[in-house]
Amino acid sequence: MPTNFTVVPVEAQGEERGPPERDGQRQQQADKDEEKERGAGDGTARESSPFINNAEMDRENLYEGKNMALFEEEMDSNPMVSSLLNKLANYTNLTQGVVEHEADEDSKRKEVKVPRMGTFIGVYLPCLQNILGVILFLRLTWIVGTAGVLESFIIVFMCCACTMLTAISMSAIATNGVVPAGGSYYMISRSLGPEFGGAVGLCFYLGTTFAGAMYILGTIEILLTYISPSAAIFKAEEVGEETEAMLNNMRVYGTCIIILMAIVVFVGVKYVNKLALVFLACVILSIIAIYAGVIKTAFDPPDFPICLVGNRTLSKRSFDVCAKFTESNNETKTTRLWRLFCDSSLLNATCDDYFVLNNVTEIQGIPGIMSGVLIDNLWSAYSEKGSIVEKKDQPSVAGSEDTKVGGLPYVFTDIMTYFTMLVGIYFPSVTGIMAGSNRSGDLKDAQKSIPTGTILAIATTSFIYLSCIVLFGACIEGVILRDKFGEAVNGNLVVGTLAWPSPWVIVIGSFFSTCGAGLQSLTGAPRLLQAIARDGIVPFIQVFGHGKANGEPTWALLLTAGICEIGILIASLDSVAPILSMFFLMCYMFVNLACAVQTLLRTPNWRPRFKYYHWTLSFLGMSLCLALMFICSWYYALVAMLIAGCIYKYIEYRGAEKEWGDGIRGLSLNAARYALLRVEDGPPHTKNWRPQVLVLLNLDSEQLVKHPRLLSFTSQLKAGKGLTIVGSVLQGIYLDKCAETQKAEENVKALMGIEKTKGFCQIVVSPSCRDGISHLIQSAGLGGMKHNTVLMAWPQSWKQTENHFSWKNFVDTVRETTAAQQALLVAKNIDLFPTNQERFTDGNIDVWWIVHDGGMLMLLPFLLRQHKVWRKCKMRIFTVAQMDDNSIQMKKDLQMFLYHLRLNAEVEVVEMFENDISAFTYEKTLVMEQRSQMLKQMQLSKNEREREAQLIHDRNTASHSAPAVKASVAAAAPEKVQMTWTKEKFVAEKHKNKETNLSGFKDIFNMKPNQSNVRRMHTAVKLNGVVLNKSQHAQLVLLNMPGPPKNRKGDENYMEFLEVLTEGLDRVLLVRGSGREVITIYS
């Protein structure tokens, strides 16, 4: 089967060359594209993405052939497949997303070198270097001695399990796309959103910074305790001041070293990176020396004798011979040890009781792996601060309790020890698992290297730690293990005593490794802060995004050194370790949460290459992190959470305008969907009822809101609770009004922001306003989250003849809300309503309760008074008593009803006696009906004029058409209007219309008012008089809104009745209930 083939371009004949104008346009477009490739005018290069809507697409290639002419419209925004594949082939895993962090440098950045680092060099070794460190050399033996082998094993296993589970989650996230610089911060922020990302990113930054302080403190401890004790500036003048002197030395030396390290990092960070392998070599050589020393103890244990008095361990710094006296030339001489416990060197001197009663013995500090000392070291030996380190099974005679032990050469514990505290001190020794993910841009295959390298590094270090615990417990005597600073072995590093060939291998190795780790922290932390600052999600740290011309984070380095100095001033390694444990644990907790959220949501973009993860593992890791936080130190945990919470709320408050497709947004959508499906089951119980408002706004020709106070009133009524939909209708066709719709939506949303109205905006385009409002009432909202109340402004200009549709739309809206079983609120004189900035210092909210419609009238004032605008207003309730009612009893019943409703309000019953209809009412009704009739006549005459114009048009059309056509039309439709007109017929028709109109207008002035209308007008006038009498000066009047007439002919009269009812009042809210109870007396 042949496999060779040739691709021949097919060209249309005669189209070898396009027209010159098109070539010119192409050249201009090419110039524009070239300019885009160079970078935008602001100096920030665009992200080079091969996907849809790519601005840098070579547009001149799109239309070269005519084969794809059918898809020309799509090609403006979507690339051809061939072009897409070409872009993907030239796509590196570094540029995507790095733009977000290093936008300023992109324009200056030269072509990126192809990354070449493999799993071993790129991930495994950096993780190894970051995990193994100061705690292993300085504190692990002490933890084993204090907690015992079993509890130490539990501590290490918990911490290693925590990091292993976190590494599994991190591997899933890191292999779900490219992770640029920023490491864990980038992963969390892109998975959980800017708020979580910023909060946890800053916590991770603080953790890394305090880690730097811890490494520096470790460096100084090695220097002053084990390498050169004489270099101490502060000396202990009195007994018991040793610890304070040591802390002061730490502060002075620490400050000097941090300044020195900051200068080194500032001058040349590349040298720090080059030295990293040297520091790592020191760590590995030290660990090999420990294992070699353990093997050697099996057949040749080193000679490190320990001196004991009874069962108490002695510090060998002050004496050389472990005995009370020595025999020399048949003469007994007291030793230096004797002189430390007695008041003179004479044999009959007064000595310490315990010293006299107990023998001085010497035992081997490192009996070896075959000695069986492991059994003694299995169990814990926690102690109080200042207690003496004692050997458990050694015989001892207790002295008098009054004897003071201070100043005697015993080995004392410097802090109180307990299980949870040791967890906090140990945990920093397992941190550093993010080192590989931070280097993802330099890896040959990040998706393969990160999981493999990180998990292997954690497995290796876990094995080292767990095996060291068992080996330390099996080789070293318990009192030596509990001797934190090696005082019983002449001030040697305890781990060093075990090492082969010399303790100095460990001392020098640990010194350089802690020094290197401190430099690495001071290098990494500022870059992390710079990445967060450049994202722009935490405004107050944006200044730290700037740096030197080559991108080095100068300002961030200064801040890091400053925070590091705080850790140095604390000065105690055991106090700093739990602080950074908190921040790292919080960071790991959110990495696990991010993985669990993404897995449970099953978002389409969640496709990690690393398959060995599960949401249960992530959840277990998250729970373990949280548990460890509180195990280490519950108050530090609360402080760390408070810091993270404050940053979270700050970012949320300042509005992190970032859309990163994060999981929390997906979680919100899932939660919303779940809640909506739950709410769909049925209408809410009366106790849960609250007004879910659809606000109908009117827009002017510029798409601006006519009555902004309507939104002010909405926010006062809602106070951010429940559902608010702000809707408006544009008249026209949607295809023609797209731009206007967008503009209107922007304007409405901007006003909602100003008025602090929390809700949704919905703009509908419809051929008529009437239909648009109907669509909104029917379809706004979703599922159970639909509105139950409509709020609109009273149409002020309804009487104007050119605006005769406004009142028709209004009355139809009233009818539709009633049909939809929705409440209706109509605000009259809305422009007189208060803004959100105004405050009523006194006044009343008056409720006129004429008809019971579910209790809306009672609930609304209560809701309004929750807002600071109306808070100081008093609520008054008026009800109307008829002739047959007992007004005193009515008042008592109403007061009892309000008491059960838990509402505070003044109650008044107004008596309205029946009397004759006044002439004023009769006349007002007559004027109303005459006006209505006149409007109808005017409308009719307008219709007639339109009909005349149509007839003339038809006549002209007919006179120009063929006679045959006229005949056929007449034959086909004899019942239609005759198409042929004569002058006489036209004049006769015109006179006939005039006479009809004149007779109609004469009838208007001779008519008598309808009795039903007179009665209604009588009610409106009387009620208006009563309301004016009682509530003219009220801040707000709430009234029952009467329903529209069933007969549509009386619609304009209905508007007149409402106008009369509310005449003379400043602010009125007409309320029409939904037909269901909205307030209840029951709990």
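Residues numbered from 1 in each chain as written. Predicted model: local features only at pLDDT ≥ 70, side-chain atom pairs only at ≥ 80, totals over all residues. Heavy atoms only, no water.

Before going further, it helps to spend a moment on the packing of aromatic side chains. In this structure the tally under the stated criterion is 22 aromatic pairs. Seen from their ring centres, F540 and Y650 are 5.3 Å apart, and the 65° between their planes marks the pair as edge-to-face. On the criterion of sequence distance, the pair formed by F540 in the loop between α18 (503-535) and α19 (554-570) and Y650 in helix α22 (residues 634-654) is long-range, its members being 110 residues apart. Taking 4.5 Å as the distance between ring centres and 10° as the angle between the ring planes, the aromatic pair formed by W848 and F878 counts as stacked. Remark: F878 occurs in strand β12 (residues 874-881) and W848 occurs in strand β11 (residues 844-849); sequence separation between them is 30 residues. Joined through ring pairs, the aromatic side chains of F325, W338, F341, F355, Y410 and F412 make up one cluster. Taking NZ or CZ as reference, R312 lies 5.3 Å from the ring centre of Y410, over its face. Taking NZ or CZ as reference, K324 lies 4.8 Å from the ring centre of F355, over its face. (Phe/Tyr/Trp six-rings, centres within 6.5 Å; stacked < 30°, edge-to-face > 60°. Helix = DSSP H or I, 4+ residues; strand = E, 2+ residues; numbered from the N terminus. Lys NZ or Arg CZ within 6 Å of the ring centre and 35° of its normal.)

This next bit is on the pairing of β12. Burial runs high along β12: seven of the eight residues are buried. Direction of pairing for β11 relative to β12: parallel, over a ladder of six bridges. Bridge assignment links W848 to a residue of β12, and that residue is F878. As a crossover connection, the stretch from β11 through helix α28 (residues 856-864) into β12 is right-handed. Direction of pairing for β12 relative to strand β13 (residues 906-911): parallel, over a ladder of six bridges. Of the residues in β13, the one forming a bridge with R876 is E906. (Buried < 20%, exposed > 50% of the residue type's maximum accessible area, 1.4 Å probe, protein only. Pairing = 2+ DSSP bridges. Right-handed = clockwise from strand over helix to strand, strands pointing away.)

Running from N to C, helix α11 (residues 269-297) and helix α15 (residues 446-475) cross one another at 35°; their axes reach a closest spacing of 11 Å. Relative to α15, α11 is oriented so that their crossing is left-handed. Between α11 and α15, the contacting residues are I287, I290, Y291, V294 and T297 on the first element and F463, I464, S467, C468, L471, F472 and C475 on the second. Partitioning the contact of α11 with α15 into residue classes produces 10 nonpolar, two polar and no charged. (Axes fitted to C-alpha atoms, helices over the stretch in contact; angles between N-to-C directions. Left-handed = near helix turned anticlockwise from the far one by under 90°. Contact = heavy atoms within 4.5 Å. Nonpolar A, V, L, I, M, F, W, Y, C, P; charged D, E, K, R; others polar.)

Once that is clear, we can look at the sheet that holds β12. Two strands in a sheet stick together by hydrogen bonds in their backbones, pointing the same way (parallel) or opposite ways (antiparallel). Judged by pairing direction, the sheet is mixed, and its 10 strands sit side by side in the order β8-β7-β6-β9-β10-β15-β14-β11-β12-β13 without closing on themselves. Bordering the open sheet on either side are β8 (760-766) and β13, each of which pairs with just one other strand. If you compare each strand with its neighbour and ignore which way they point, the axes differ by 20° on average. Sheet strands in contact with helix α29 (residues 887-900) are β11, β12 and β13, and its direction is about 150° off that of β13.

This part covers unusual backbone geometry. Residues W500 and P501 are joined by a peptide bond in cis, for which omega reads 10°. Structurally, P501 can be placed in the loop between α17 (494-498) and α18. The residue A571 is not glycine, and still its phi comes out positive at about 75°. Looking at A571, the relative accessible area reads 0%, which means it is buried.

The analysis is restricted to geometry; functional conclusions fall outside its scope.
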